[in-house]
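Residue strings, one per chain:
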Amino acid sequence: MPRAKETILEIDLKALKHNFEYIKSKLKSDTKILAVVKAFAYGSDANTIAVFLQDLEVDYFAVAYVSEGVALRNAGVIVPILVLHPQAVNFKMLIENCLEPSLYSAKILNEFIAIASEEKQKNYPVHIKFNTGLNRLGFRESDIDAIVSITSRSSSIRVKSIFSHLAESENLDDTAFTKNQIDSFKNISKRFTKAIGYQPMLHLANTSGILNYTDAHLDMVRTGIGLYGFGNSEKENKNLLPMATLKSVVSQIHTIEKGESVGYNRAYKSDNLKKTATIPIGHADGIGRQYGNQKGFVTINNKPAPIIGNVCMDMIMVNVTDIDCKEGDEVVIFGKETDASAFAKSANTISYEIITAISQRVKRVILE
Ligand SMILES: *Cc1c(COP(=O)(O)O)cnc(C)c1O
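Going along each chain's sequence as written, the residues are numbered from 1 onward. In keeping with the predicted nature of the model, local features appear solely for residues at pLDDT of at least 70, side-chain atom pairs appear and are counted solely at 80 or more, and the whole-chain, interface and lining totals rest on all residues. Water and hydrogen atoms were dropped before computing side-chain values, which therefore reflect all heavy atoms in the structure.

Trainee: Got a minute to help me understand the environment of lysine 247 in this structure?
Mentor: Secondary-structure assignment places lysine 247 in strand β10 (residues 244-249). Judged by relative accessible area, lysine 247 falls into the buried class, the value being 6%. Once the C-alpha coordinates of lysine 247 and leucine 9 are considered, the two residues, 238 residues apart in sequence, prove to be 6.3 Å apart. Helix and strand definitions here come from DSSP, where helices need a minimum of 4 consecutive H or I residues and strands a minimum of 2 consecutive E residues; each element is numbered from the N-terminal end. When a residue's accessible area, from a 1.4 Å probe over protein chains only, is under 20% of the maximum for its type it is buried; when over 50% it is exposed; and in between it is partly exposed.

Put into structure tokens, the structure is as follows:
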């Protein structure tokens, strides 16, 4: 692998394939897989990831917003795409691109039916979202009759699936809430299917739901973070491979005398002779301010170099007093050894946040 000469996010498609196959190995052979590729496929490169997964015969994709789905269509994605949180203002664009909306309230359901009939659609596939405890988006069980009466009045849509989302499927210390969500969704599914008179697809599990609750698999599962290499537990992280490696280079080495300071607001003051390295990555690239002041560290020549002082917009300074390194050497911010979840932990956050934060300024390099 060539050494990084600038800040890059390396995307290892072999790791993605491994993770996809690992997740698949947890499922019955007829359970469908939906890959969640929202937010640039969790901060990586949605088009590349989606086209690759399409070749591996993934069944479905999900994105958060309509514009993300349109980008996938333009990149040649032809498998169905569920839009988890569409806004009514984009419904015409959604239909033009054959994207499938999640409809979660009477208001959004009625708005979609109005546009779908205006666009002369028949049986347009929609997905009805139920709230079973996350209290974020979704109808309640008590809305079933109202949904069925609204949808039955219109021939322009057809309910392709009903689904819900688990609130704490990664928490194995307390499984009661999740079990209750699973039961509650199964109950909703039965009642809904009976009321509407046909069988929509059922799906509930995210990555941790897949790994921890076999009875939540149903007809299809929705995996995001697992594809990118994180299983939300030490045990499962071992079975998965981080797909993305964030790398950079040493721009300059400084010798800091005792009593000198480093960076803005002189946040770091040296109590001794120190050596620092300046790295071209900052908060505009996704490294939050909370990683500064010796919380986060990067790896240079296999040794940890703590970030000292405040994170700047385009740079960080790290302590390399005990590291044999020179200008031009490669720096790893997160990847295989220090994975993104360990790096995130140093600043009290989680893998989801750091990987999706890597800004579009950082060049993506695809390893086939
Ligand atoms: C983001 C999202 C997922 C994926 O969750 P992971 O924990 O990344 O597997 C699944 N379902 C819904 C509704 C989501 O918003």
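On we go from here.
Trainee: Just checking my understanding: could you explain helix α8 (residues 176-196) for this structure?
Mentor: Along an α-helix, residues three or four positions apart point the same way, because every turn accommodates 3.6 residues. Under the convention used throughout, the expected extent of a helix is 1.5 Å for every residue step, that is, one less than its residue count. Across its 21 residues, α8 extends 30 Å between first and last C-alpha, which sits within 8% of the 30 Å expected from 1.5 Å per residue. Along α8, the positions that sit buried rather than exposed are Thr178, Gln181, Ile182, Phe185, Ile188, Ser189, Phe192, Thr193 and Ile196. End-on, the buried residues of α8 take up no more than an arc of 130 degrees, which puts them together on one face. For α8, the exposed residues set more than 90 degrees away from the buried face come down to Lys190 and Lys194. For this analysis, residues touch if any pair of their heavy atoms sits within 4.5 Å. Residues of α8 that are buried sit in contact with β6 (124-129), α7 (144-152), β7 (157-163) and β8 (201-203). Of the residues trailing α8, glycine 197 is marked for its positive phi of about 85 degrees. Along the arc lie the directions from the helix axis toward the C-beta atoms.

Trainee: Even after reading the chapter, I still don't get the sheet that holds strand β14 (residues 274-279), so can you show me in this structure?
Mentor: Note: strands within a sheet are paired through backbone hydrogen bonds, in either parallel or antiparallel orientation. Strands were regarded as paired on the criterion that DSSP finds at least two bridges between them. Read from one edge to the other, the open sheet built from nine strands follows the order β11-β14-β17-β16-β15-β18-β10-β1-β19, with strand pairing classed as mixed. Of all the strands in the sheet, the pair left with one neighbour each is β11 (252-256) and β19 (363-367). On average, each strand axis in the sheet is inclined to that of its neighbour by 35 degrees, with strand direction left out of account. Here four bridges tie β14 to strand β17 (residues 316-319), and the two strands are oriented antiparallel to one another. For helices, the fitted axis covers only the stretch in contact; all axes are lines through C-alpha atoms, and the angles between them, taken along N-to-C directions, range from 0 to 180 degrees.

Trainee: Got a minute to help me understand the site of the ligand in this structure?
Mentor: Residues in contact with the ligand amount to 13 residues; listed here are only the nearest, Lys38, Tyr42, Thr207, Ile225 and Tyr352. Polar contact is defined as a pair of N or O atoms within 3.5 Å, subject to the rule that within protein one atom must be able to donate a hydrogen and the other to accept it, and that residues adjacent in sequence are counted only when both atoms are side-chain atoms. One of the backbone nitrogen or oxygen atoms of isoleucine 225 is found 2.8 Å away from an oxygen atom of the ligand. Side-chain polar atom of tyrosine 352 to an oxygen atom of the ligand: 2.6 Å apart, as the coordinates give it. Surface exposure here means Shrake-Rupley accessible area, sampled with a 1.4 Å probe, where a residue is shielded only by the protein chains that are shown. Protein chains shield 93% of the accessible area of the ligand, which is 390 Å² for the free molecule. At the level of secondary structure, the elements contributing two or more residues to the shell around the ligand comprise α2 (38-43) and β9 (220-223). In this text, near means that some heavy atom of the residue lies within 4 Å of the molecule or strand in question.

All quantities given are derived from atomic positions and should not be read as evidence of function.
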